[in-house]
Every structure is written in structure tokens, then in C-alpha cells.
Amino acid sequence: MKFMLIKGTFHVKGRQPDGDTIGFKAENKQNWAEFESRFKTRGQGIKTNRAGVLSIRLKAIDTLETHYEGNHQPSALARKATDFLLEEAGIKEVAWDGASVASAQDETHGYILSRAIDKSRRPTCFAFAGNTERKDGELLPLDAEWLKNSINYKLLEQGLAYPTFYKAMLDFPDLRKELANIAMASAEAKLGVWAVDKSRGISIRNKEQLEQEGVIMPKLFRILTEYFKEHPDGMDRFHSWLQDWNEEVCILPSGNTAGLHEVIEKKGEEIKLTVDPWEMIFRPRHLPR
């Protein structure tokens with residue numbers, strides 16, 4: 001299966017980039033119409049602003065949340081991932097105003113490989129800095145060696161992102177293996193988040209504690225954040241709530257399917273993943289029955 005190569009520039013001024021999301025403008029805006037036609041984006045369409053800039057979401061990785069529905073994970077490591085992304089994209093002299101970039105030397109050249117958009121109408125992609133001799137708009141296969149030049153891969157290599165695979169990655173076992181291997185190596189070396197990761201056991205009483213101490217897989221952070229929106233008074237109902245969340249996970253390498261409530265364990269106030277991030281492929285969430 002092939003990805004569409006789209007050349008363009010990276011943009012952050014007036015935006016809220018984080019470690020896995022950044023602004024991007026295609027050199028040829030007609031590529032988006034071709035993209036939508038080829039990959040049947042469910043009629044939602046690519047969402048750009050008046051200047052033609054849109055947000056892209058780096059595929060197969062997740063960095064600590066900086067502003068998920070007004071909530072965040074511990075800020076030092078979250079900002080470190082953002083800074084690394086901007087540095088890799090060649091963006092310099094970044095000045096922040098809270099969560100937004102007030103000024104920067106951006107509009108640096110790069111390109112993406114994508115074949116899908118997410119529910120927020122952002123292309124999910126592998127992003128690369130600099131130029132390429134390959135043709136803009138071309139459909140191309142992505143191999144493991146090319147993957148290693150992506151910003152996605154480099155964030156995992158530095159231990160600044162968690163591997164997070166969704167159903168589409170079932171079609172790319174070689175890429176998934178490469179991403180899993182570099183994540184495992186970073187975890188073994190205790191780089192970045194892996195030096196303090198609590199995904200295998202964190203005691204949580206409320207949302208405030210989660211924001212202060214929650215160096216955990218961002219997927220788990222988002223689930224806990226959604227729970228606290230409904231139950232701010234504590235964790236007593238978490239297990240039954242999670243069963244109603246009704247999301248499936250494919251466990252590797254066996255390929256067995258489990259409910260999310262079967263891979264997130266609760267004992268007292270402790271919450272933990274029972275499976276490592278690189279061993280899971282998440283399937284789209286079903287609505288509760």
C-alpha cells in the first residue's frame with residue numbers, strides 16, 4: 001500500500017503545536033483534492049485556514065499532552081517533545097505566549113507521506129524535514145530505511161514519544177515492527193519519558209494529581225481525563241465506566257482481541273497497563289450499548 005507524498009512548509013506562528021502536531025502548507029494546494037479523491041476521506045475533507053495552512057498529526061506515535069481539552073501531562077517532558085519537533089523541522093527563534101507561538105522563524109521546507117485523515121480532519125502522516133527529489137503528489141511505498149528519516153521515528157528514538165498504533169497499521173507490519181523496536185530500545189535505555197514512565201502503575205485520586213504526575217501513555221491519560229469529566233470525585237466507578245467505553249485492542253504478537261478494560265487494570269487507587277504500548281493495536285471505539 002502506498003502513501004501520497006506532499007511537499008510543503010511547516011508553520012507554527014499563531015498556532016499551538018505540540019510534540020506530534022504541527023502546521024503544514026502544501027506547495028500545491030490541488031494535492032489535497034487529489035488526496036481526498038484517492039483515499040476517500042468520508043466526505044469530511046481536509047481542513048485548512050485562509051492561508052492554506054492545516055494541522056498534521058504524526059502517525060503511529062503519541063507525545064505527552066500539552067492541552068487536551070484544557071488538560072495536560074507533566075509539562076517539562078511535553079515541552080521537550082515539542083521543542084524537538086520544531087528543531088527537527090528547522091524552525092528557530094520560537095517565542096511562546098502561553099500555549100501559542102507568538103513568533104518564530106518558520107515556513108521551513110519539508111514533506112509528508114499520508115493516506116488518511118483523523119476525526120479532526122488532519123492528515124495523519126510521516127513527516128520529513130528538508131527537500132526530496134521524489135515527485136510532489138506521487139504515490140509511493142514507505143520502507144523501513146526511509147521511515148528512519150521521519151520525525152516520527154526520531155521522536156521515538158529519543159524516548160520523547162510513545163508508539164501508538166491504530167487499526168490502519170495492521171497493513172504495515174514492517175513499519176510497525178521498526179517503530180516498536182526503536183521504542184523498546186529507548187525504553188530499555190530509559191531515555192526521555194521512559195526514565196519516569198508510570199504506565200505500569202500509577203496511583204491516581206483526582207484530575208489534579210493526574211496532571212502533575214501522569215507521565216503515562218497519552219492514550220491512557222486521555223481515557224482517565226474523560227473519566228474524571230464524568231466522575232471528578234474519585235476512581236470507584238472506573239472499571240465499570242471503562243467497560244462501557246467499549247474499545248477493542250489487538251494484542252501482539254498473538255493477534256488476540258481484548259477489551260480495553262482487560263488491558264487497563266485497577267487495584268485500589270493504582271491504575272496500570274498490563275501490556276506494553278508497542279504490543280497493542282487499538283481498534284475504533286464502539287458506542288456503548
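Look up a bit, the structure's there.
Residues numbered from 1 in each chain as written. Predicted model: local features only at pLDDT ≥ 70, side-chain atom pairs only at ≥ 80, totals over all residues. Heavy atoms only, no water.

**Observations concerning the pairing of strand 16 (residues 270-273)**
And then number 1: The alternating pattern of strand 16 places Ile271 and Leu273 on a buried face, while none of Glu270 and Lys272, on the opposite face, is buried.
And then number 2: Both strand 12 (residues 202-203) and strand 16 contribute to a ladder of two bridges, which runs antiparallel. In the strand pairing of strand 16, Ser203 is matched with Glu270.
And then number 3: The sheet contact formed by strand 15 (residues 264-267) and strand 16 spans four bridges and is antiparallel. Across the sheet, residue Lys267 finds its bridge partner in strand 16, namely Glu270.
And then number 4: Once strand 15 ends, the chain turns through two residues before running back antiparallel as strand 16, passing Gly268 with a positive phi of about 65°. (Buried < 20%, exposed > 50% of the residue type's maximum accessible area, 1.4 Å probe, protein only. Helix = DSSP H or I, 4+ residues; strand = E, 2+ residues; numbered from the N terminus. Pairing = 2+ DSSP bridges.)

**What about the pattern of salt bridges?**
Between side chains of opposite charge, a pair can form when the charged atoms approach closely.
And then number 1: A complete count under the given rule lists 17 salt bridges for this structure.
And then number 2: In this structure, Asp276 engages Arg200 in a salt bridge whose closest nitrogen and oxygen atoms are separated by 3.2 Å. Of the two residues, Asp276 is situated in the loop between strand 16 and strand 17 (280-282) and Arg200 in the loop between helix 5 (173-188) and strand 12; the sequence distance between them amounts to 76 residues.
And then number 3: A salt bridge links Glu269 to Arg205, with the shortest nitrogen-to-oxygen separation between them at 3.9 Å. (Salt bridge = Lys/Arg side-chain N within 4 Å of Asp/Glu carboxyl O.)

**Quick look at helix 2 (residues 75-88)**
And then number 1: With 14 residues, helix 2 extends 20 Å from end C-alpha to end C-alpha; this agrees with the ideal 20 Å at 1.5 Å per step.
And then number 2: Buried within helix 2 we find Leu77, Ala78, Ala81, Thr82, Phe84, Leu85 and Leu86.
And then number 3: Contacts from the buried residues of helix 2 go to strand 2 (21-26), strand 3 (53-58), strand 5 (92-97) and helix 4 (151-157).
And then number 4: Directly beyond the C-terminal end of helix 2, a positive phi value near 85° is found at Gly90. (Expected span 1.5 Å × (residues − 1). Contact = heavy atoms within 4.5 Å.)

**A few points about the side chain of Arg222**
And then number 1: With respect to the secondary-structure elements, Arg222 resides in helix 7 (residues 218-230).
And then number 2: Here Arg222 is in contact with Asp62, Glu65, Tyr68 and Tyr166, once residues within four sequence places are set aside.

**Topic: the nonpolar core**
And then number 1: The biggest cluster of nonpolar side chains holds 92 residues, and the ones touching the most others in it are Phe238 and Ile264.
And then number 2: Those residues in contact with Phe238, other than ones at most four positions away along the chain, are Ile223, Leu224, Tyr227, Ile264, Lys266 and Ile271. (Core = buried A, V, L, I, M, F, W, Y, C linked by side-chain atoms within 4.5 Å.)

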